[in-house]
Amino acid sequence: MCVTLFVVSAGVTPGLMSRGNLVNVLSVAAPLLIVALGQMLVMISGGIDLSITATLAMASVCGSWLISDDGGWLAGAPWAALAACFIMPVVGACIGLGNGVCVAYLRMPPFIATLTSMMFLYGIANWATHSKNIGSLPESFIWLGTRPFAIAALALVLAAAAAFFLASTKYGRWLYALGQREQTALVSGVPVRVVQCGAYFLAGFMAGTAAIIYTAQLETGSPVLGKNLLLDVIGAVVIGGTSLFGGKGKVSWTLGGVLFIALLDNVLNLQNLSHFAVGMCKGVMILFAALLDSLRHRWSVE
Amino acid sequence: MIMTKAPSAIGLAQSPFTVLSSCLCSLLLGIFCGCGGMNAGGGGAAATSSKPVIGVAFETLQTEFWVAGFAAIKAECARRGYDVVEVIADGDANRQLQQVKNLITRGVDGIILVPKDTKTCGPMIRAANEANIPIVLFNRPASIPALKTVAVVADNFTLSKQTGEYLIQQAKSLVKPVKTMVLLGDLADSNAIQRRDGFEEAVKEANKSGAEIEIVARIPTEWNQEKAQAGVVNALQATPDIQLIFTSSDFLLPSIVSALQAAGKYHPAGKPGHLLLGGFDGDATAYQMLKDGYLDATGVQDVYFEAQQCVQAIADLRAGKKVDGIIPDPGFVIQQQNLDERKAQMWGAQITAK
């Protein structure tokens with residue numbers, strides 16, 4: 001699908017093939033892939049994580065607050081950048097764990113559990129920062145944001161890890177089983193609660209890791225980071241073919257979906273389409289993918 | 001059993017859909033691209049035409065001010081025979097960074113940027129600097145001194161101070177102390193800070209000469225109409241005898257009006273119970289309210305002057321001339337007395353006229 005898009009649009013879009021532009025696409029796609037991988041794991045388990053972009057924002061704020069030269073605790077410390085790279089995924093993972101507990105142990109519907117945590121997290125992030133961005137981050141941290149190939153490498157390593165995890169570990173098989181039919185999985189001896197909780201935990205961790213990249217790219221920690229990204233993330237996963245009904249999904253599909261969304265965005269931008277047309281076009285594509293997914297689901301059930 | 005069966009079943013189910021969906025997606029895309037090409041006069045303008053191309057990157061088009069600014073810049077570019085490529089970030093700084101990078105990749109000849117705030121534009125300006133593309137900030141300056149940029153900004157501080165002075169002058173006949181409410185903008189936006197400081201400076205100076213202006217409520221709106229309305233309602237509840245309201249932007253006026261109406265306090269100047277009301281920007285609502293006598297004064301940013309200066313700065317930078325880092329727009333205070341005389345320069349009045 002990506003190849004088709006690329007070939008079709010390359011003909012009508014000047015500058016698409018240029019090296020600079022492809023690097024731009026790469027620097028959009030890499031962090032998006034990391035977030036989308038986390039979302040994919042949750043969706044395979046049959047859930048959805050709507051708080052994933054709020055997790056990004058929260059991790060970004062916590063990390064950059066710690067290391068900002070404007071009065072951060074670790075301002076000026078030589079290992080400040082490393083500390084931020086550590087703390088952001090940890091914050092993300094903690095948030096994910098919270099979501100996981102709500103869904104798996106408190107039996108809350110994923111939609112409402114993560115929707116409320118999204119509101120809560122954006123609320124805290126805005127309250128704590130007074131809606132201000134946190135600037136003056138150390139050079140050593142910003143360095144990563146200017147290295148698209150390093151970012152892409154990081155994203156690919158995480159993707160490979162996720163692929164290995166899904167295909168070759170017991171947990172991966174449990175995750176598919178859980179998403180296909182929870183009752184059956186339970187009867188077959190899958191520790192359903194732990195597996196479900198773990199999916200949200202990993203999604204939070206991935207979002208926290210992506211927060212490092214987004215923060216470094218923007219050179220600021222932002223309490224509204226990713227506020228418009230949620231549709232891109234879910235769209236990429238769904239376009240990739242991961243089922244909204246759970247139990248289906250692969251890393252390679254998500255990679256395709258992410259590349260598709262990133263390319264689509266880029267092509268529409270290069271086409272000089274108005275901002276509203278870009279939104280409409282993306283919306284139609286994602287709707288279309290979701291429609292295919294529900295048709296496929298119905299046919300496979302029949 | 002489920003576990004082993006799952007992957008292969010998925011793989012088979014996927015393939016016909018992939019083919020089908022890719023065909024349909026490309027079709028859809030083709031249609032959209034076709035439309036885009038027609039609307040925009042060919043996306044290839046940047047690469048093929050000999051006219052200079054200016055990239056215009058706005059953070060939002062959600063308020064009339066930005067829409068008017070956007071239109072003014074496009075009109076100015078058209079007047080000079082420049083092509084325009086437009087991108088809107090919808091309030092998302094990260095998207096804006098990608099959009100600016102895209103503009104650079106396309107090789108535009110200059111960029112006019114409205115950043116989300118004074119900090120996030122750093123990487124965008126740096127990227128433009130590295131590519132040697134002149135970048136001019138419209139209405140919002142950057143706070144990163146190391147980068148090469150030009151900002152055309154209204155003199156927010158002086159203009160709010162002048163508006164405040166006019167309001168305080170009008171408040172002389174009122175019962176003292178004059179209880180006052182101020183609606184603040186997003187304090188990450190230097191314009192919002194300067195407007196607040198300008199108004200408060202006017203209050204401070206007036207109080208030295210015994211004006212007895214007492215600011216009883218400072219409402220943090222974060223440039224959000226709902227927050228503004230809730231804040232005004234609460235403040236009127238807490239202090240029913242508020243006599244003067246200053247808002248850091250006219251786009252919050254509808255929120256104030258509905259809160260005042262609900263409290264039965266919305267009366268035109270000259271009628272008993274009129275609250276002194278002042279604003280900033282000079283939008284269409286403000287013009288209408290001035291005409292009807294509900295608004296006493298507003299500080300007008302001269303959008304046409306700012307747009308013209310932005311494009312001029314790009315032209316000068318391209319020609320290798322030296323341009324000041326900040327080009328101030330003096331603006332003017334418009335009020336009941338000078339309304340007819342100055343409305344031609346008030347962008348809100350021009351929108352209404354159209």
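Residues numbered from 1 in each chain as written. Chains lettered and ligands numbered in written order. Predicted model: local features only at pLDDT ≥ 70, side-chain atom pairs only at ≥ 80, totals over all residues. Heavy atoms only, no water.

Colleague: Residues and numbers for empty space enclosed by the protein, please.
Modeller: In total, this model carries 3 cavities of 30 Å³ or more according to the counting rule given. If you add up the space inside the largest cavity, you get close to 60 Å³. Lining the largest cavity are Asn133(A), Leu218(A), Ser222(A), Val224(A), Leu225(A), Gly226(A), Gly91(B), Asp92(B), Ala93(B), Asn94(B), Lys116(B) and Thr120(B). Considered class by class, the residues forming the lining of the largest cavity number 4 nonpolar, 6 polar and 2 charged. Here the second largest cavity is characterised by a volume of approximately 40 Å³. In this structure, the second largest cavity is lined by Leu260(B), Lys265(B), Tyr266(B), His267(B), His274(B), Leu275(B), Leu277(B) and Tyr294(B). Taken together, the residues that form the lining of the second largest cavity break down as 5 nonpolar, 2 polar and 1 charged. (1 Å grid on protein atoms, 1.4 Å probe; cavity = no way out; pocket = protein on both sides within 12 Å on 5 of 7 lines; lining within 4 Å. Points joined across faces, edges and corners; volume = space filled by probe spheres on them. Nonpolar A, V, L, I, M, F, W, Y, C, P; charged D, E, K, R; others polar.)

Colleague: Please provide a residue-by-residue account of the domain arrangement of chain B, values included.
Modeller: Residues and elements named next belong to chain B. Taken as a whole, chain B is organised into domain 1 (16–154 + 302–330) and domain 2 (156–300). Across the boundary between the two partners, domain 1 contributes 11 residues, which contact 13 residues of domain 2. Taken together, the two surfaces of domain 1 and domain 2 that pack against each other cover about 900 Å², and 46% of this comes from carbon and sulfur. Of all residues in domain 1, Glu-64, Arg-140 and Ala-154 bury the most surface against domain 2, accounting for 38% of the area lost on that side. In this structure, the connection of domain 1 to domain 2 is made through 0 salt bridges. Of the residues in the side of domain 1 that touches domain 2, the class split is 4 nonpolar, 3 polar and 4 charged. (Domains from an automatic or database assignment. Contact = heavy atoms within 4.5 Å. Buried area = accessible area lost by both parts, 1.4 Å probe. Salt bridge = Lys/Arg side-chain N within 4 Å of Asp/Glu carboxyl O.)

Colleague: How would you sum up the nonpolar core? Please name residues and give values.
Modeller: Counting 121 residues, the largest nonpolar core has Phe141(A), Ile111(B) and Leu113(B) as its most contacted members. What Leu113(B) contacts, discounting residues up to four positions off in sequence, is Ala57(B), Gln96(B), Val100(B), Cys121(B), Met124(B), Ile135(B), Val136(B), Leu137(B) and Phe138(B). Ranked by size, the runner-up nonpolar core spans 61 residues in total, among them Tyr266(B), Leu295(B), Cys310(B) and Ala315(B). (Core = buried A, V, L, I, M, F, W, Y, C linked by side-chain atoms within 4.5 Å. Buried < 20%, exposed > 50% of the residue type's maximum accessible area, 1.4 Å probe, protein only.)

Colleague: Please provide a residue-by-residue account of the packing of aromatic side chains, values included.
Modeller: Applying the stated rule across the entire model yields 11 aromatic pairs over all chains. Here the aromatic rings of Phe58(B) and Phe70(B) are separated by 5.0 Å at their centres, their planes lie at 65°, and the arrangement is edge-to-face. Of this pair, Phe58(B) sits in strand β1 (residues 53–58) while Phe70(B) sits in helix α3 (residues 64–80), and the two are 12 residues apart along the sequence. Relative accessible area serves as the criterion here: at 6%, Phe70(B) is assigned to the buried category. Between the aromatic rings of Tyr266(B) and Tyr294(B), the centroid separation amounts to 4.2 Å while the plane-to-plane angle is 10°, which identifies the pairing as stacked. Of this pair, Tyr266(B) sits in the loop between α9 (253–262) and β9 (276–281) while Tyr294(B) sits in the loop between α10 (284–292) and β10 (297–300); the two residues are 28 residues apart in sequence, bridging distant segments of the chain. We classify Tyr294(B) as partly exposed; its relative accessible area is 23%. Each member of the aromatic cluster is reached from another via a ring pair, and the members are Phe58(B), Phe65(B), Trp66(B), Phe70(B), Phe138(B) and Trp347(B). Taking NZ or CZ as reference, Lys227(A) lies 4.7 Å from the ring centre of Tyr122(A), over its face. When the ring centre of Phe332(B) is taken as reference, the NZ or CZ atom of Arg342(B) above it lies at 4.1 Å. (Phe/Tyr/Trp six-rings, centres within 6.5 Å; stacked < 30°, edge-to-face > 60°. Helix = DSSP H or I, 4+ residues; strand = E, 2+ residues; numbered from the N terminus. Lys NZ or Arg CZ within 6 Å of the ring centre and 35° of its normal.)

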